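# Summary of the model geometry
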Amino acid sequence: MCRYIFVTGGVVSSLGKGVCAASIAALLQARGYRINLKKLDPYLNVDPGTMSPYQHGEVFVTSDGVEADLDLGYYERFTDIPASKHDTITSGKIYERLIGKERAGVYLGGTVQIIPHLTNLINDFIRFGENKVDFIICEIGGTVGDIEALPYLEAIRQIKYILGSTNTLCIHLTLLPYIATARELKTKPTQHSVKELRSIGIQPDLIICRSDREIPDALLDKIALACSVPKHSVVAAVDQKTIYHVPLSYYKQNVEKQIITYFGLRHTDKINLDKWHLIERRIMAHEKNVRVAIVGKYNQLQDAYKSLSEAFLHAGIHYKCKVHLIWINADEIGNQLYKKLDAVDGIMIPGGFGIRGIEGKIKAIAYARKNKIPLFGICLGMQLMAIEFARNVLGIKDASSTEFTNDCANVIDLMINWYNGEKKETRTRRSNLGGTMRLGNYESFLINGSKIKEIYKLESIVERHRHRFEFNINYKDVFEKAGMGIGGVSANGILVEAIELNEHPWFIGVQFHPEYTSRPFRPHPLFVSFIGTLIAQNKTFHL
Ligand code: GLN
């Protein structure tokens, strides 16, 4: 029988509900339970695919090709269970379903209402797959008090009513702000947020308090009394060195034990936390440092490149090496850029969309190519590596991508047709922007003798994709003749999945997104190889 854990947030957003839910899942998993994590986002977009990373951080892509909230990335990294389209929903999508049913006459002339029709659909989403796992952990996006979140909270209340308190547990994550002038952490915002939750019929069973410093016991007592939860159910979540310390910090406060006891499950002392201890030891034992410049355009909000920075952290954990990420704004062209590039060990050109910043990225690529600085390009990064090579090595001065202009030598072009298994998918320039890219898992075949095949040591790989434009296969021969090899191609041989420079210490671009599948305890081979090369260069920096 499946039990439900709901995670809500109070006081402010960005408290790390995703890490909280993922850490609890990891602990229950370490005790041998089967878990499923789900994210419910109250905003009205159908999915975050069309949202600016400035607004919402990175768009995470699942293996089955759904553009999802970045919290699904945490779920995967902490539990190693691939998320799917059944694990992510937004109000936009729920309303789309509701209105679709209404138009199809499913409601037989009845008045369609938020309660019960919308809340029923939310309940169906939450309970989908309940026969396959021991726990479903649902995180509600946003903060308690948001108007959009009300139908979700009502759905939780109903589930708790239907299944009973013994089968459902509500966790509320809040913040204790520190007031410098009073030299005190404050509990009042937490009390108010719990009051708000209660006013919609939800009493939290566990309160997790984020804080930037140790929380005095007296404050935990105060929260317990004011919010009617047992003292041991008020958990201190003090800032950790990295998010990968959070599961152990919860473990030390018996969080998963309490959950198991709450549900009346028999608990043994059997728990396997080896991998979390190993990660903790490795992070604490940094012996080396490397610097990687990320030449991107969403640098103000580092959540925009969350999986990427995590993948670098994972490769660093592997080598007991601290990877310092230097965020360089791609618009910053000129000498300033070169000075910054001189001070790093390697350069990353991440994925992206649109024309802004591309000339700066191309300059950085040219600099890395000529000066033999290791360079790793992902998706748009690979496409720009091809454009730079075409312009500066092959002499095709107007080389570009039809994403940016139609008036160019189309080294990167819109792929009109491709095959998804047996199914032919067709796009036109007028196709909708939402959900119409080549998304999710596709197989690539690695070319014999290529550096990338040497790194993966595999004939073929399956990686996640999120792109609309492609390397134009007609340029393959000229590229290869001039020293830019093709490292991998799609199953039908016409989509280029990886390019690499032969005469360079590390100059590889991939059309797919390896960062989504990197794990703290299983770093991605491309990131491991890249960071390994940077360490081997043995440059010394004053950090
Ligand atoms: N904008 C490019 C495309 O659509 C690259 C996308 C990406 O970097 N994710 O093909």
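Below is a summary of the structure that appears in this document.

Here is what the cut-offs are and how they apply
- Numbering of residues starts from 1 in every chain and runs along the sequence as written.
- A pLDDT threshold of at least 70 governs which residues receive local features in this predicted model, and a stricter bar of 80 or more applies before side-chain atom pairs are shown or counted, although totals over entire chains, interfaces and linings include all residues.
- Side-chain metrics rest on all non-hydrogen atoms present in the structure, leaving aside hydrogens and water.
- Near residues are defined by distance, with any heavy atom within 4 Å of the molecule or strand qualifying the residue.
- Residues adjacent in sequence count toward polar contacts only when both atoms are side-chain atoms; beyond that, a polar contact is any pair of N or O atoms within 3.5 Å, and within protein one must be able to donate a hydrogen and the other to accept it.
- Each accessible area is a Shrake-Rupley result for a 1.4 Å probe, and residues are judged covered by the shown protein chains and nothing else.
- For the purposes of this entry, the term helix denotes a DSSP run of H or I that reaches at least four residues, the term strand denotes a run of E that reaches at least two, and both are numbered from the N terminus.
- Classification convention: Asp, Glu, Lys, Arg as charged; Ala, Val, Leu, Ile, Met, Phe, Trp, Tyr, Cys, Pro as nonpolar; all other residues, Gly among them, as polar.
- Here the aromatic set is Phe, Tyr and Trp, taking the six-membered ring for Trp, and pairing holds for ring centres within 6.5 Å; pairs whose planes are under 30 degrees apart are stacked, those over 60 apart are edge-to-face, and all others are tilted.
- For the exposure calls, accessible area comes from a 1.4 Å probe over protein chains only, and a residue counts as buried if that area is under 20% of its type's maximum, exposed if over 50%, partly exposed in between.

Every residue near the ligand is listed here: Gly351, Gly352, Phe353, Cys379, Leu380, Gln383, Glu403, Arg466, His467, Arg468, Phe469 and His513. Gln383 places a polar side-chain atom, nitrogen or oxygen, 3.1 Å from an oxygen atom of the ligand. Within the contact set of the ligand, an oxygen atom lies 3.0 Å away from a backbone nitrogen or oxygen of Arg468. In isolation the ligand exposes 300 Å². Once the protein is present, 99% of that is buried. For the shell around the ligand, the secondary-structure elements that each account for two or more residues are helix 15 (380–392) and strand 21 (460–467). Grouping the amino acids of the shell around the ligand by side-chain chemistry returns 4 nonpolar, 5 polar and 3 charged.

Bringing the packing of aromatic side chains into the picture now. Summed over all chains, the structure comprises 18 aromatic pairs. With a centroid separation of 5.6 Å and an interplanar angle of 55°, the aromatic rings of Phe135 and Phe263 are classed as tilted. With Phe135 in strand 6 (residues 135–140) and Phe263 in the loop between helix 10 (255–262) and helix 11 (274–284), this pair connects stretches of sequence that are 128 residues apart. No difference in accessibility class separates Phe135 from Phe263, as the two residues are buried.

Here we come to unusual backbone geometry. For the bond running from Ile115 to Pro116, omega is 15°, close enough to zero to count as cis. Within the fold, Pro116 resides in helix 5 (residues 114–127). Positive phi values are uncommon outside glycine, yet Lys320 reaches one of about 50°. By the secondary structure assignment, Lys320 is in the loop between helix 12 (306–319) and strand 13 (321–329).

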